[in-house]
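# Close look at the chain arrangement
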Amino acid sequence: MKKENNRCAILIPDGESHFLNYVINCLSTIPRALVYVMTSKNDVAIKFSRFVHHLTFYEITSDEHWISCINSEVDRHDIDVILPVFETGIRTLSALRQDLTHPNKLGLLPTTHYFDIAINKWSLSKHLTQHQIPHPLTLHVVSGTGDEIQGAEQLTFPVLLKPLEGTGGGVGIRKFGDLGSLNSHVNNLSEEREFIVQNCFDGIDFCSNVLCENGSILAHTIQKHIVHGTKDFAPQLGLQYVENEEINAITERLMKSLNWSGVANIDMRYDSTTGIYHIIEVNPRFWGSVEGSMLAGINFPQLYINTVLGREIGPTTYRHQEFFNLKGVLARIKKQPSFLFRWRWLWNETPVKFVLWDFKFYAVRIFRKLFSILRKKFF
């Protein structure tokens, strides 16, 4: 199938990612873009999206088979850009890039060595210590062994217990107010698993979002969290895009130390007692608020595509505006019903435009979620 009217064909090979529709919404604003999605799940809701030009299902048996399927899709659809969106796909393509028939159609990606450091919270903590980059006191913990936590006397409670590699959304994070309850929880886990324990402190959450090449930041946005999620450690409902020289400087040091290429989302927290910005974790992938960056002026998926095609990267300045995700929109309207009639706010600082443009996809998602809830309740 050949492209028409000199359009740009983009293949997203990890179409089962829950971050997919955020990236596709960003791609929907690019003129003459054709989005092809490859997925290993047979019935994904994204097939109902009007922004997906073509979707293909493959029953993947191995990483090598996945790469072979990508090669097939690239040749079949005359793909211009291969755009992975989630951690698994990004790492696999970084490791097996040489097996692609057209590796030049894959853009900036981190090396597997630095990817593995960034995604593993204990490895990241050791790296940050080595490079003297500020971060909370972090200890390594192995559950199910009955051993005491080494260095526990250094902790200042409350503390957070986190799995080494999370699935996003704060899943698996637990808060403990004293050493006794922490030890009890860790030692009562039957299986041997690795965690980190981090000091928890009062402050403000920020995220630094970047696109890099060999440790140099090509584009960035900084977001300050202003409306917390409905659950502890859940994604924020509302944020504000800001500039912050200290955050920029810390992010630059981190990216340079990792010789980072590609996108990343860095969670940071400002300690209101010490006045220090701490790096909490690195998400080496696209993120849930990537639409917000796009609405503020930085379309990270488009900038990634430009680097593949050898184009000028484009504008790198952004507006210091707010962004509310769909749950945040509902929460704000519930609190202040008059916001339902603030059309400029709804259109420019929320994803409402994408719901209207891609209504069938969102309707299917809502229906499936309601059906799942009802099935669990009554069956």
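Scope of this entry: the structure provided in the associated data block. (Residues numbered from 1 in each chain as written. Predicted model: local features only at pLDDT ≥ 70, side-chain atom pairs only at ≥ 80, totals over all residues. Heavy atoms only, no water.)

### Points about the sheet that holds strand 13 (residues 277-283)
Strand order in the open sheet formed by 6 strands is 13-12-9-10-11-14, and the pairing between neighbours is antiparallel. Unpaired on one side and paired on the other, strand 13 and strand 14 (322-324) mark the two borders of the sheet. Strand-to-strand twist in this sheet, taken as the mean axis angle between neighbours without regard to direction, amounts to 30°. As paired elements, strand 9 (residues 203-213) and strand 12 (residues 262-271) share 10 bridges and run antiparallel to each other. Its bridge partner being in strand 12, Asp205 is matched across the sheet by Arg269. Here helix 9 (residues 300-309) sits on the sheet in contact with strand 9 and strand 10 (216-227), set at roughly 20° to strand 9. (Pairing = 2+ DSSP bridges. Helix = DSSP H or I, 4+ residues; strand = E, 2+ residues; numbered from the N terminus. Axes fitted to C-alpha atoms, helices over the stretch in contact; angles between N-to-C directions. Contact = heavy atoms within 4.5 Å.)

### Regarding the packing of aromatic side chains
According to the stated counting rule, one finds 13 aromatic pairs in the structure shown. Seen in terms of ring centroids, Tyr241 and Tyr318 are 6.4 Å apart; in terms of plane orientation they differ by 75°. Their pairing is edge-to-face. Taken as a pair, Tyr241 in strand 11 (residues 238-242) and Tyr318 in the loop between helix 9 and strand 14 lie far apart in primary sequence, 77 residues in all. For the pair shown, Tyr241 and Tyr318 are each scored as buried. Taking the centre distance of 5.0 Å and the plane angle of 70° together, the rings of Phe361 and Tyr362 count as edge-to-face. Each member of the pair, Phe361 together with Tyr362, is buried. Cluster of aromatic residues (ring-pair linked, three or more members): Phe19, Tyr22 and Phe86. (Phe/Tyr/Trp six-rings, centres within 6.5 Å; stacked < 30°, edge-to-face > 60°. Buried < 20%, exposed > 50% of the residue type's maximum accessible area, 1.4 Å probe, protein only.)

### Here we look at the nonpolar core
Counting 89 residues, the largest nonpolar core has Ile70 and Leu254 as its most contacted members. Setting aside residues no more than four positions away along its own chain, Leu254 makes contact with Leu124, Leu128, Ile133, Ile266, Ile279 and Val282. Of all hydrophobic cores here, the second largest spans 12 residues; its members include Ile149, Val159, Val186 and Val197. (Core = buried A, V, L, I, M, F, W, Y, C linked by side-chain atoms within 4.5 Å.)

### As for the packing of helix 4 (residues 112-119) against helix 5 (residues 121-130)
The geometry of helix 4 relative to helix 5 is characterised by a closest axis approach of 5 Å and an angle of 100° between their N-to-C directions. Our classification of the angle between helix 4 and helix 5 gives roughly perpendicular. Across the interface between the two elements, Tyr114, Asp116, Ile117, Ala118 and Ile119 of helix 4 pack against Lys121, Ser123, Leu124 and His127 of helix 5. In terms of residue class, the contact of helix 4 with helix 5 is built from 5 nonpolar, 2 polar and 2 charged. (Parallel < 35°, antiparallel > 145°, perpendicular 65-115°, else oblique. Nonpolar A, V, L, I, M, F, W, Y, C, P; charged D, E, K, R; others polar.)

### Some thoughts on the pattern of salt bridges
Per the counting criterion, the structure on display carries 7 salt bridges. One salt bridge in this structure joins Arg285 and Glu87, with 2.9 Å as the shortest N-O distance. Of this pair, Arg285 sits in the loop between strand 13 and helix 8 (290-296) while Glu87 sits in helix 3 (residues 87-95), and the two are 198 residues apart along the sequence. Across this residue pair, the class does not change: Arg285 and Glu87 are buried. For Arg269, the salt bridge is made with Asp205, and the minimal N-O distance between the two is 2.7 Å. Taken as a pair, Arg269 in strand 12 and Asp205 in strand 9 lie far apart in primary sequence, 64 residues in all. (Salt bridge = Lys/Arg side-chain N within 4 Å of Asp/Glu carboxyl O.)

### Here we look at empty space enclosed by the protein
The full count for this structure, using the stated rule, is 2 cavities of 30 Å³ or more. The calculated volume of the largest cavity comes to roughly 60 Å³. Taken together, Pro84, Ile90, Leu108, Leu109, Pro110, Trp260, Ser261, Gly262, Val263, Pro284, Phe286 and Tyr304 make up the full set of residues lining the largest cavity. When grouped by side-chain class, the residues that make up the lining of the largest cavity number 10 nonpolar, 2 polar and no charged. By volume, the second largest cavity amounts to about 40 Å³. Forming the boundary of the second largest cavity are Lys121, Leu124, Ser125, Leu128, His135, Thr138, Gln198, Ile279 and Ile280. (1 Å grid on protein atoms, 1.4 Å probe; cavity = no way out; pocket = protein on both sides within 12 Å on 5 of 7 lines; lining within 4 Å. Points joined across faces, edges and corners; volume = space filled by probe spheres on them.)

### Structural notes on the sheet that holds strand 1 (residues 8-12)
The strand order across the open sheet built from 4 strands is 3-2-1-4, with neighbouring strands paired in parallel fashion. In this open sheet, the two strands that pair with only one neighbour each are strand 3 (54-57) and strand 4 (81-82). By the bridge criterion, 5 bridges tie strand 1 to strand 2 (residues 33-39) in an arrangement that is parallel. Bridging from a neighbouring strand, Cys8 pairs with Ala33 of strand 2.

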